[in-house]
Each structure stands twice: as C-alpha cells, then as structure tokens.
Amino acid sequence: MNKSQWRKALKQLLLSMGKEERKVKSEAISNLLFQTEEWKTADCFGITVSRGFELDTSYIINQAWREGKTVAVPKCYSEHKQMEFRKIHSYEELENVYMDLYEPKIDVTLCIEPSQMNMILVPGLVFDKEGFRIGYGGGYFDRYLHSYDGSKLSLAYTLQTTDSLPHENYDIPVDSIITEDGRFK
Ligand SMILES: Nc1ncnc2c1ncn2[C@@H]1O[C@H](COP(=O)(O)OP(=O)(O)O)[C@@H](O)[C@H]1O
Ligand SMILES: [Mg+2]
C-alpha cells in the first residue's frame, strides 16, 4: 500500500473503534507513558490536542499540569506548512481554528523553541517497527523535527502498528512507540 492508501485504511479502522474502547485504551497508554524515563525527565514537552477518533491526549495534558510540567502545543501556518509549539496553561488558551482542530491563541501564549523541549509526542495514523510514521499528509512534523533533537515518542493503539511502511528520505522516525500492549519500538 502507498501512503495515501494507508491513511484511508487507518482512518476507517480508527472510526470503527467504540467511544468506550478509545477511552480505556487512551488511559492505559497514558499510564504507560507516565512510567517512562522520558516522561519523568521531561519538564517541557510538545503534544497535540487530540480530536475525533484520535487517541485522547487530555489525560496527559492534565497530568502534566498537575506535575508542574510545561505543555506546548502546535500552531500551524498553512502558507508555508510550518509549525511552532506554544506554551499553554489551560484549555482557555486554545481556539477553534478549523472543524474540531484547536490551536493556541497567539496573543496569550508564548512560543517554545525546539531546544527548550525534552520530549515531543509525535502524532500519526500508523507506525512501523523502525519508528517511521504516516501522518495526515501535511509533512508538518517532518519539517519541524529537523531542528529538534530531544526524545521523540509516539502514542498509538496496537491496531495502528505494522511491520513496515513506505517512507521517503525526508521522513523522520520516532525513537519509540507506546501502545496499550507496551513499547512497540
Ligand atoms: N523537511 C521537509 N522539507 C520540505 N518538505 C517536506 C519536508 N518533509 C516533508 N515534506 C513534504 O511534506 C509532504 C507530506 O509528507 P508526508 O510524509 O507524505 O506526510 P506525513 O508525514 O504527514 O504523513 C511531502 O510532499 C513532502 O515533500
Ligand atoms: Mg512523513
């Protein structure tokens, strides 16, 4: 399958998951993340605000705030397909930019440089054993991760993992993937 066929297949699989199953697995994966060295040592990290069928990241964001960690979420600029991370202290600092996509308001949040983050939780639709991922097709994370050298972890349901995926020379793999069944890479 090529990348766009993988995207289509995974969207369908994710949509067929029930709400309760999504909740239970999202919590289980979050709890596994909390046990990792990467989480324990990350005082500032990047994460996306989940939507729709995606793994629910709200447990992680709330736990991070409880632990006093700095939470940074992406702000995308579609003209040049660039992205930056901005620090948020509460969901009030987000705004609905498109469909169910929420991004930080730029007038009340500060930009966090790549060097300030010790961990980025990289989203994706499907992941392979080498850590290669297929996202939504914008290439935003591939561009951003070029200038970042901290930990790159991904959280995914086991159904989002496979042996091998097509990848190009600009695709940047993640260090490790955490699923409800443990570390996949
Ligand atoms: N570092 C980069 N610089 C410029 N363009 C890039 C870079 N990384 C990815 N792209 C472009 O982004 C587009 C989407 O990348 P792709 O890997 O298919 O998407 P995704 O990673 O979201 O699944 C590709 O057309 C690719 O040429
Ligand atoms: Mg890519």
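The shown structure was predicted, so the numbers you read here are calculated from the model rather than taken from an experiment. By convention here, each chain's residues receive numbers from 1 onward along its written sequence. Ligands are numbered from 1 and chains lettered from A, in the order in which they are written. Thresholds applied to this predicted model are a pLDDT of at least 70 for local features of residues and 80 or more for the giving and counting of side-chain atom pairs; totals over whole chains, interfaces and linings are not thresholded and use all residues. Side-chain figures throughout are based on the complete set of non-hydrogen atoms in the structure, without hydrogens or water.

Attention now moves to the site of ligand 1. The near set for a molecule or strand comprises every residue that places at least one heavy atom within 4 Å of it. In the vicinity of ligand 1, 14 residues are found, and the nearest of them are Lys3, Arg7, Gly135, Gly137 and Asp142. Distance and chemistry together define a polar contact, namely a pair of N or O atoms within 3.5 Å, with one atom able to donate a hydrogen and the other to accept it when in protein, and with adjacent residues in sequence counting only for side-chain atoms on both sides. Contacts to ligand 1 include glycine 135, whose backbone N or O atom sits 2.7 Å from an oxygen atom. With respect to ligand 1, the backbone of glycine 137 contributes an N or O atom lying 2.9 Å from an oxygen atom. With residues, only the protein chains shown are counted as cover, and all accessible areas are computed by Shrake-Rupley using a 1.4 Å probe. For ligand 1, whose unbound accessible area comes to 570 Å², protein coverage reaches 70%. Secondary structure elements are taken from DSSP: a helix is a run of H or I of four residues or more, a strand is a run of E of two residues or more, and numbering for both begins at the N terminus. Looking at the shell around ligand 1, the elements with two or more residues in it are helix 1 (3-15), strand 9 (133-134) and helix 5 (140-145). For this classification, the nonpolar set comprises Ala, Val, Leu, Ile, Met, Phe, Trp, Tyr, Cys and Pro, the charged set comprises Asp, Glu, Lys and Arg, and every other residue, Gly included, is treated as polar. Taken together, the residues of the shell around ligand 1 break down into three nonpolar, five polar and six charged.

A few words on the sheet that holds strand 6 (residues 110-112). A pair of strands counts as paired when DSSP detects no fewer than two bridges linking them. Ordered by their spatial adjacency, eight strands build an open sheet running 6-3-2-1-7-10-12-13, and the pairing between neighbours is mixed. Two strands close off the open sheet at either side, each with one partner strand: strand 6 and strand 13 (182-183). Bridge count for strand 1 (residues 44-46) against strand 2 (residues 70-77) is three bridges, and the pairing is parallel. Paired with cysteine 44 across the bridge in strand 2 is threonine 70. Only heavy atoms enter the contact rule, under which two residues are in contact if any of them lie within 4.5 Å. Only the stretch in contact is used when fitting a helix axis, every axis being a line fitted to C-alpha atoms; angles between N-to-C directions are given from 0 to 180 degrees. Helix 2 (residues 19-34) contacts strand 7 (119-121), strand 10 (151-155), strand 12 (176-179) and strand 13 of the sheet and is inclined by roughly 135° relative to strand 12.

What follows is about the pattern of salt bridges. Note on definitions: salt bridges are taken to be side-chain nitrogens of Lys or Arg within 4 Å of carboxyl oxygens of Asp or Glu. A full pass over the atoms with the stated rule returns 13 salt bridges. A salt bridge links glutamate 168 to lysine 3; the shortest N-O distance between them is 2.9 Å. Separated by 165 residues along the polypeptide, glutamate 168 in the loop between strand 11 (161-162) and strand 12 and lysine 3 in helix 1 bring together distant segments of the chain. For glutamate 168, a relative accessible area of 35% gives the class partly exposed. A salt bridge links arginine 133 to aspartate 142, with the nearest nitrogen and oxygen atoms 3.8 Å apart. Burial classes: relative accessible area under 20% of the type maximum marks a residue as buried, over 50% as exposed, and values in between as partly exposed (1.4 Å probe, protein chains only). A residue is classified by how much of its surface remains accessible, and arginine 133, at 9% relative accessible area, is buried.

Here we come to the sheet that holds strand 9. Strands in a sheet are paired, the pairing made by backbone hydrogen bonds, and the direction either parallel or antiparallel. With mixed pairing, the three strands of this open sheet are ordered in space as 9-8-11. Strands at the two margins of the open sheet, each flanked by one partner only, are strand 9 and strand 11. Pairing of strand 8 (residues 126-128) with strand 11 involves two bridges; the strand directions are parallel. Of the residues in strand 11, the one forming a bridge with aspartate 128 is threonine 162.

Glancing now at the coordination of the magnesium ion (ligand 2). Metal donors: N, O and S atoms at distances within 2.8 Å, or within 3.2 Å for Na, K and Ca, with water omitted from the atom set so that some sites may seem incomplete. Taken together, the protein ligands of the magnesium ion (ligand 2) are Asp142 (OD) and Asp171 (OD), with distances of 2.0 to 2.1 Å. Linking aspartate 142 in helix 5 with aspartate 171 in the loop between strand 11 and strand 12, this pair joins segments that are 29 residues apart in sequence. Judged on exposure class, the residue aspartate 142 and its partner aspartate 171 are both buried.

What counts as a disulfide here is a pair of cysteine sulfur atoms lying within 2.5 Å. As enumerated under the stated definition, the model contains zero disulfides in all. No disulfide involves cysteine 44; its nearest neighbouring cysteine sulfur is the one of cysteine 111, lying 11 Å away. A relative accessible area of 8% means that cysteine 44 is categorised as buried.

Residues of strand 12 alternate between two faces, with Ser176 and Ile178 on one and Ile177 and Thr179 on the opposite face, all of them buried. Where strand 10 and strand 12 come together, three bridges link them in parallel fashion. By the bridge assignment, leucine 153 is partnered in strand 12 with serine 176. In sequence, strand 12 turns back onto strand 13 through a hairpin of two residues.

Let us now look at the nonpolar core. Buried Ala, Val, Leu, Ile, Met, Phe, Trp, Tyr and Cys residues form a nonpolar core when they are joined through side-chain atoms within 4.5 Å. By size, the foremost hydrophobic cluster in this structure holds 31 residues, and its most contacted members are Leu33, Phe45, Ile60 and Leu121. When residues of this core are traced back to their parent elements, those giving at least two are helix 1, helix 2, helix 4 (58-66), strand 2, strand 7 and strand 10. With residues near it in sequence (within four places) discarded, isoleucine 60 still touches Ser30, Leu33, Phe34, Trp39, Phe45, Ile47, Leu121 and Leu155. Listed in part, the 18 residues of the second largest apolar core include Tyr140, Phe141, Tyr148 and Ile172.

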